Amino acid sequence: MAMVGEEKAGGSRSKVLVIGATGRFGQELVKASLAAGHPTYALVREPTFSRADASLLLRSFSASGVTLLKGSLQDFPSLLEALKQVDVVICAVPSSQVLEQKLLIRAIKQAGCIERFIPSEFGADPDKVQTVEMDHDFYKKKAEIRRCIEKEGIPHTYISCNFFQRYLLPSLIQPGLKTPPTDKVKIFGSGNVKAVFVKESDVATFTICAIDDTRTLNKVLYLRPSGNAYSQNELTEIWEVKMGKKLEKIHVTEEQLLKSIHGS
Ligand SMILES: NC(=O)c1ccc[n+]([C@@H]2O[C@H](COP(=O)([O-])OP(=O)(O)OC[C@H]3O[C@@H](n4cnc5c(N)ncnc54)[C@H](OP(=O)(O)O)[C@@H]3O)[C@@H](O)[C@H]2O)c1
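Residues numbered from 1 in each chain as written. Predicted model: local features only at pLDDT ≥ 70, side-chain atom pairs only at ≥ 80, totals over all residues. Heavy atoms only, no water.

- Per an unreviewed UniProt entry, the recorded name for the chain is NmrA-like domain-containing protein, and the organism is Musa acuminata subsp. malaccensis.

## Here's the deal with the overall build of the chain
- Per the secondary structure count, the chain includes nine helices and twelve strands.
- What you see for the chain is a C-alpha radius of gyration of 20 Å, in line with the 18 Å of a compact globule of 264 residues.
- Taking the principal axes of the C-alpha coordinates as reference, the chain spans close to 60 × 40 × 35 Å.
- Of all 264 residues assigned to the chain, the portion counted as buried reaches 43%.
- Across the chain, contacts joining residues at least 24 apart in sequence account for 78% of those joining residues at least 6 apart.
- Entry remark: accessible area of the chain is about 14,000 Å², with carbon and sulfur atoms responsible for 55%. (Helix = DSSP H or I, 4+ residues; strand = E, 2+ residues; numbered from the N terminus. Rg over C-alpha atoms; globule rule 2.2 N^0.38 Å. Buried < 20%, exposed > 50% of the residue type's maximum accessible area, 1.4 Å probe, protein only. Contact = heavy atoms within 4.5 Å. Areas by Shrake-Rupley, 256 points an atom, 1.4 Å probe, with all protein chains shown as cover.)

## Brief notes about the site of the ligand
- Near the ligand you find 27 residues, and of these Thr22, Thr48, Gln97, Ser120 and Asn162 are the closest.
- Contact distances for the ligand include 2.8 Å between an oxygen atom and a backbone N or O atom of phenylalanine 25.
- A distance of 2.7 Å separates a nitrogen atom of the ligand from a polar backbone atom of asparagine 162.
- For the ligand, the protein covers 88% of the area, taking 940 Å² as the surface of the free molecule.
- Taken together, the elements giving at least two residues each to the shell around the ligand come down to helix H1 (24-35) and strand S7 (163-164).
- Within the shell around the ligand, the residues separate by chemical class into ten nonpolar, eleven polar and six charged. (Near = heavy atom within 4 Å. Polar contact = N/O pair within 3.5 Å; in protein donor to acceptor, adjacent residues only side chain to side chain. Nonpolar A, V, L, I, M, F, W, Y, C, P; charged D, E, K, R; others polar.)

## So, the nonpolar core
- Grouped together as the largest cluster of nonpolar side chains are 31 residues, with contacts concentrated most on Phe25, Ile90, Phe122 and Val203.
- Secondary-structure elements contributing two or more residues to this core are strand S1 (16-19), H1, strand S2 (40-44), helix H3 (52-63), strand S4 (88-91), strand S9 (194-198) and helix H7 (200-210).
- Residue contacts for isoleucine 90: discarding those within four places in its chain leaves Val16, Leu17, Val18, Ile19, Leu29, Ile118, Phe122, Thr207, Ile208 and Ile211.
- Core analysis: the second largest hydrophobic core is formed by 26 residues, Leu69, Leu73, Ile145 and Tyr158 among them. (Core = buried A, V, L, I, M, F, W, Y, C linked by side-chain atoms within 4.5 Å.)

## Re the UniProt feature "domain: NmrA-like" (unreviewed entry) in the chain
- Mapped onto this numbering, the UniProt entry annotates "domain: NmrA-like" (unreviewed entry) at residues 13-261.
- Strand forms 19% of residues 13-261 and helix 37%; the C-alpha atoms that close the span are 47 Å apart. (UniProt positions renumbered as here; feature names shortened; annotations may be inferred.)

## What about the pattern of salt bridges?
- By the definition in use, this model includes 14 salt bridges.
- The partner of glutamate 46 in a salt bridge is lysine 70, and the shortest N-O contact between them spans 3.8 Å. Here lysine 70 lies in strand S3 (residues 67-70) and glutamate 46 lies in helix H2 (residues 46-49), a separation of 24 residues in the sequence. Lysine 70 shares its class with glutamate 46; the two are exposed. (Salt bridge = Lys/Arg side-chain N within 4 Å of Asp/Glu carboxyl O.)

## Quick look at the pairing of strand S6 (residues 157-160)
- Residues Thr157 and Ile159 of S6 are buried on one face, and the alternating residues Tyr158 and Ser160, pointing to the opposite face, are buried as well.
- Pairing analysis gives four bridges linking S6 to strand S10 (residues 219-222), with the strands arranged parallel. Residue pairing across strands places serine 160 opposite tyrosine 222, the latter belonging to S10. (Pairing = 2+ DSSP bridges.)

## Brief notes about H3
- When the terminal C-alpha atoms of H3 are compared, their 17 Å separation across twelve residues agrees well with the 16 Å that a helix rising 1.5 Å per residue should span.
- The secondary structure elements touched by the buried residues of H3 are H1, S2, H2 and S3.
- Directly beyond the C-terminal end of H3, a positive phi value near 100 degrees is found at glycine 65. (Expected span 1.5 Å × (residues − 1).)

## Description of the packing of aromatic side chains
- By the definition in use, this model includes three aromatic pairs.
- Ring plane angle 55 degrees and centroid distance 4.6 Å describe the contact between phenylalanine 25 and phenylalanine 122, whose orientation is recorded as tilted. Residue phenylalanine 25 is located in helix H1, and its partner phenylalanine 122 is located in the loop between strand S5 (116-118) and helix H6 (138-151); the two are separated by 97 residues in the primary sequence. In this pair, the class of phenylalanine 25 matches that of phenylalanine 122, namely buried.
- Ring centres of phenylalanine 163 and phenylalanine 197 lie 5.8 Å apart, and the angle between their planes is 20 degrees; on these two criteria the pair is classed as stacked. Within this pair, whereas phenylalanine 163 is found in strand S7, its partner phenylalanine 197 is found in strand S9, the two being separated by 34 residues in sequence.
- Taking relative accessible area as the criterion, phenylalanine 197 reaches 3% and is therefore assigned buried.
- A network of ring pairs unites the aromatic residues Phe25, Phe122 and Phe164 as a single cluster. (Phe/Tyr/Trp six-rings, centres within 6.5 Å; stacked < 30°, edge-to-face > 60°.)

Written out as structure tokens, the structure reads:
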């Protein structure tokens, strides 16, 4: 039985294909896969090779040993060709594009060689999250992709990690700000509800650890390190101690928050 970080039978490491490797989170997946010694492949769209911001990154991938494959989620033959070279597929396309994974699922089924598929999720559990119809159906679409994977009997792991640290945390959860406030802070509700904030590189490392671990097969992997769970009141207090200054608290009720979101 293969456990965390173990090699496959025959001493080789799983070959990992990352789709969305030039994206913010995809880059972390590529780094984590290389760091764990997996032969790593990236499916890259043709125009992206000549994009100024991406070409430097792609050159650094190549120099690190990543095999770059031309293709896209809309191009079935390119998907099939890429899949035939690997054991594991990790997709990191943005939430707005998750339904584009349907063709990939068909290709995985047809290729018949994929031992683990990690679809693009990396957030709250779409089967559990409750939203008030303000998420552009992101979670509904992610749940739809789960059902397609399960219907096709594709071996999978879903990664549920809550918030990436780069979201909300740098502003102390103040929408519109990029840095923490220094005079006033809005506290939403009681301010006591905890959220989990995880570093993208840690999510990527755990994802790579999960791919060959039989305990994560066909399961949701929840990343909830207790040291990463903080309420807004706790975060505010940490920041106040760091600044040596108290902030003026503006309390915002749930109704007020929903109204302002709808308004914007
Ligand atoms: N938990 C959180 O707080 C949180 C926050 C943000 C994102 N996420 C999750 O992280 C994941 C990735 O998001 P991200 O923000 O890192 O994405 P991103 O930076 O927008 O990157 C998207 C990647 O997908 C590629 N791509 C787009 N369409 C494609 C297609 N048709 N075929 C092949 N590749 C395609 C892009 O390639 P090009 O370079 O060719 O455009 C790019 O590499 C998603 O699952 C998202 O839900 C979680």
